[in-house]
Amino acid sequence: MNRLFYIGASIAAVVILMATFAPLIATHDVTVQDLANRFASPSADHWFGTDSLGRDVFSRVVYGARVSLQVSISVVAFSAVVGILIGSVAGFYGGWVDRFLSGYVFNVFLAFPGLLLAIALAAFIDERKVLAYVIGEGGADAILGLFSPGLFKMLLALCAIGWVGYARVMRGQVLKVREYDFVQAAKALGASNMRILFTHIMPNSIQPLIVQASLGMAGTVLSEASLSFLGLGIPPPAPSWGTMIEEARNYFANYPHTLFFPGAAIALTVLAFNFIGDGLREYLDPKQRTR
Amino acid sequence: MKYKLLNFVRQLALILLVIWTVVSLVTLLIELVPGTPATTILGETATAEQIANFNAKHGLDKPAFFISYGENGFTWNGLDNRYADYWGGLFQGDLGRSFRTDRPVLDMILERYPATIQLAVASMIVAIGIALPLGVLAGTNKNGLIDNAASFIALLGISLPTFVIGPFLVYIFAVKLGWFRPGGSLYPEDIILPAVTLGAALSAILTRMIRSSVIEELGEDYVRTARAKGLSERKVVYKHVLKNGLIPVVTILGLQLGVLLAGSIITEKIFSWQGLGLLLLEDGIAKRDYRLVQGCVLVISLTYIIANSLTDFVYRRLDPRIRLS
């Protein structure tokens, strides 16, 4: 493993700890406004200063890690599961199933600019309406009750394209692994297709997806912040880093600290997951290690 | 010849199929909006008559699609529906009328489109200007100090979002130094800050690509021959290595043009650049003008698809190995 991987892993660990123990780390209530103390510079009381409403920037950055990780972990997990299943089916069954999925469906989704589709979906869709179409009114309310406000919409918007990358990589892997001797042996022993796919092929195909997932985390942290910056993300008062930057944009010329800290938080988190992804890729691909 | 033609037809069919799906998705998106467009635009206090007039004017009184699914199962709605209307309009170059301003959506888009293209092209020039020297320096000094520094700068460029880079550029070059205006698109120099902001991520990707391309080519036999002939290292790199190493980079550039066009939305917002992205955000999404949003999403997506398909086509023509695979 290269040095950058360890740096990335350490930063990611700090961000994850920050998100997990946010109530213990935050020094102030993130929603409490103190209008007499607007735009205070960093001090012993407010480590990162205060914003336009007098809220503590440090505490909001800490809670922002929670929002950011909540969205990115959910999006990456959901996209990976969907992608793995669809990619496996395409690669394993081949024939017209593969031609339809990899020749048409994957191409259609890859042809759409990802962020634009996410913006369009976040701006257009009524998530309750979509769920009610599929599982009825009662089911829609029950499912939406499980998510914090805006999270399900974000999931839909970012997963709509997110799964394709995983599906493509998985398809390629399954195409390769299904020709291995142990798969042929399992077939000869009379194992069912499902058993071969789930217990023999999938576990042996999943390695490159780990790289994809860590790079995907970096991409999703950015996308979440971008949507929040455009006012289409998790609604306030939840402190998203993107929303903090959007709010700071009008004042940063005089109070740069309001923009610097959430900006640095995004950059460091994205950098960390990129370092992890690059390090893992290098580790798993010996050809790259020598370069 | 027959094989070539067949391959071309297959590619074209796929592009048309993708375009058909994208248009269909965009037309059906309007069905997913919260409430109805009429109540969103006219407000909750609108009378039934006003709503009926609005719906009739924009064709919203027709069924959404050829078939619908309800309690009685599937119902055939006939050929006169919103989906068919949108396609009919598209073939005549009509993207409908804005729900808010009643102006043709296509006119509104065409007014803003050139600004977005200008920004995308300018940011590409910035990206090449940064990435070419940085990538070559990193590649020719593999694992050295310059290489590590260039790789770090590249990763930073990928990790820093445009909405962080943009405001900081404004802070330094507009507020502190006063060299540029903080936003707008009135004067020619207004394009510099948005182009650098949008081009930063692309320059990072290009630097990494050029670096690995240069490293790969430096190991080839023809480089040894050129060195054995006594050519200077500078000539070896710029005359021989770059010529071959830039083929994959050119492809990435083509593919990135589409990404830049789509990605300029945030940059346009930061710098109030009067392009398609700002039209989509401020006039479309913020004012809930769904017809305009539909048009903008469609035009940006189609540009992206066409740019990518053309790049793919040109690349196939350039590199026989890809053409034959």
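Values in this document were obtained by computation on a predicted structure and should not be read as measured data. (Residues numbered from 1 in each chain as written. Chains lettered and ligands numbered in written order. Predicted model: local features only at pLDDT ≥ 70, side-chain atom pairs only at ≥ 80, totals over all residues. Heavy atoms only, no water.)

Draft legend 1. Molecular detail of the interface of chain A and chain B. Contact residues are listed per partner, giving 45 residues for chain A and 49 residues for chain B. Both sides together, the interface formed by chain A and chain B hides about 4100 Å², and carbon and sulfur atoms give 77% of it. Here chain A and chain B share 2 salt bridges between them. Taking the shortest distance from any N to any O, the salt bridge between R208 of chain B and D278 of chain A comes out at 3.1 Å. Summed over the shared surface of chain A and chain B, the number is 3 residue pairs in polar contact (both at pLDDT 80 or more). When residues of the side of chain A that touches chain B are traced back to their parent elements, those giving at least two are α4 (95–111), α5 (114–124), α6 (127–145), α10 (207–229), α11 (241–248) and α12 (257–284) of chain A. For the side of chain A that touches chain B, a count of residues per class yields 32 nonpolar, 6 polar and 7 charged. (Contact = heavy atoms within 4.5 Å. Buried area = accessible area lost by both parts, 1.4 Å probe. Salt bridge = Lys/Arg side-chain N within 4 Å of Asp/Glu carboxyl O. Polar contact = N/O pair within 3.5 Å; in protein donor to acceptor, adjacent residues only side chain to side chain. Helix = DSSP H or I, 4+ residues; strand = E, 2+ residues; numbered from the N terminus. Nonpolar A, V, L, I, M, F, W, Y, C, P; charged D, E, K, R; others polar.)

Draft legend 2. Seen up close, the environment of R55 of chain A. Residue and element names in this part refer to chain A. Here R55 lies in the loop between α2 (22–25) and α3 (57–93). The buried category is assigned to R55, whose relative accessible area is 7%. When the C-alpha atoms of R55 and K129 are compared, they prove to be 35 Å apart, with 74 residues separating the residues in sequence. Residue contacts for R55: discarding those within four places in its chain leaves V30, T31, V32, Q33, G49, T50, R60 and E247. Side chain to side chain, R55 and E247 meet in a polar contact 3.1 Å long. (Buried < 20%, exposed > 50% of the residue type's maximum accessible area, 1.4 Å probe, protein only.)

Draft legend 3. Spatial organisation of the layout of surface pockets. Computed from the structure, the second largest pocket encloses a volume of approximately 600 Å³. Surrounding the second largest pocket, 21 residues form its lining, Y133 of chain A together with E31, A64, S68 and R82 of chain B being those nearest its centre. When contributions to the lining of the second largest pocket are tallied by element, the ones reaching two or more residues are α6 of chain A together with α2 (37–42), α3 (48–57) and β1 (67–70) of chain B. Classifying every residue of the lining of the second largest pocket by side-chain character gives 13 nonpolar, 5 polar and 3 charged. (1 Å grid on protein atoms, 1.4 Å probe; cavity = no way out; pocket = protein on both sides within 12 Å on 5 of 7 lines; lining within 4 Å. Points joined across faces, edges and corners; volume = space filled by probe spheres on them.)

Draft legend 4. Region of interest: the side chain of D147 of chain B. Within the fold, D147 of chain B resides in helix α6 (residues 145–159). In this structure, D147 of chain B is in contact with A138, N141, K142 and R211 of chain B, ignoring residues within four places of it in sequence.

Draft legend 5. Region of the structure containing the packing of helix α10 (residues 233–245) of chain B against helix α11 (residues 247–270) of chain B. Residues and elements named next belong to chain B. Relative to each other, α10 and α11 sit at 45 degrees, their axes nearing to 4 Å. Considered as vectors, α10 and α11 are oriented oblique to each other. Across the interface between the two elements, K243, N244 and G245 from α10 touch I247, P248 and V249 from α11. Classifying every residue of the contact of α10 with α11 gives 3 nonpolar, 2 polar and 1 charged. (Axes fitted to C-alpha atoms, helices over the stretch in contact; angles between N-to-C directions. Parallel < 35°, antiparallel > 145°, perpendicular 65-115°, else oblique.)

None of this, on its own, says anything about what the molecule does.
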